[in-house]
Amino acid sequence: MKQKVYQGMTFVPYIENSAIMERVDEIAGKISERYKDRKPLIVCVLNGAFPFAADLFRRLDIDAEITFIRLKSYEGTSSTGVVREVLGLGADIKGRDIILVEDIVDTGHTIVNLVDKVKALEPASIAVATLLFKPEALQHEFTPDYVGFSIPKKFIIGYGLDIDGLARNLPDIYVVKE
């Protein structure tokens, strides 16, 4: 892993793909155990959660379905504080066990907004799995059910996380060099 440069910023290696896959396997095991006699619906929050959701979904040892929703709250390197729904939830989720899959929970604006909207659709249960969690940045009373890594309040890219659409395809996670 070597450093990367995007938009004049230098990013250095932070979390290697092997460590990500290890955490994905652990989370998939916990979800498979919790939902062993049920068929949850995995709701991937596009675009950032796509790599995490795909890897997680393939590692589940249970029957599950997957669908997608697209929300947007970031411009450049910071949250706008406004959550926009770009692509809505198309599946009927009433009475279903729902697992919302996010790439990162930082301020919490996006996930709290989404959880509230999903609750209104009367699912049997809602759980949240996030690859990354920034507790220091959280502005809501919220704790994800499944967390890959708790990280400090720093800007990161890779493995689905982007800088204006770029770097999502990096297999590892990088942090901006200070």
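The structure this text deals with has already been given above.
Please read all numbers here as calculations on a predicted model, not as lab measurements.

> I tried to follow the environment of alanine 137 on my own but got confused; where do I start?
Of note, alanine 137 is situated in the loop between β7 (125-133) and β8 (146-150). By relative accessible area, alanine 137 is classed as buried at 7%. Along the primary structure alanine 137 and aspartate 106 are separated by 31 residues, whereas in three dimensions their C-alpha atoms are 5.2 Å apart. Among residues more than four places away in sequence, those in contact with alanine 137 are Asp106, Thr107 and Lys153.

> I'm lost on the pairing of β7 in this one. Help?
It is a general feature of regular strands that their side chains alternate between the two faces of the sheet. Of all the nine residues making up β7, eight are buried; the element is thus mostly covered by neighbouring parts of the structure. With eight bridges connecting them, strand β6 (residues 97-105) and β7 associate as parallel partners. Among the inter-strand pairings, isoleucine 104 is bridged to a residue of β7, identified as leucine 132. Handedness of the crossover joining β6 and β7 through helix α3 (residues 109-119) is recorded here as right-handed. When β7 meets β8, the two strands line up parallel, connected through four bridges. Across the sheet, leucine 132 pairs through a bridge with phenylalanine 149, a residue of β8.

Conventions and cut-offs
Residues numbered from 1 in each chain as written. Predicted model: local features only at pLDDT ≥ 70, side-chain atom pairs only at ≥ 80, totals over all residues. Heavy atoms only, no water. Helix = DSSP H or I, 4+ residues; strand = E, 2+ residues; numbered from the N terminus. Buried < 20%, exposed > 50% of the residue type's maximum accessible area, 1.4 Å probe, protein only. Contact = heavy atoms within 4.5 Å. Pairing = 2+ DSSP bridges. Right-handed = clockwise from strand over helix to strand, strands pointing away.

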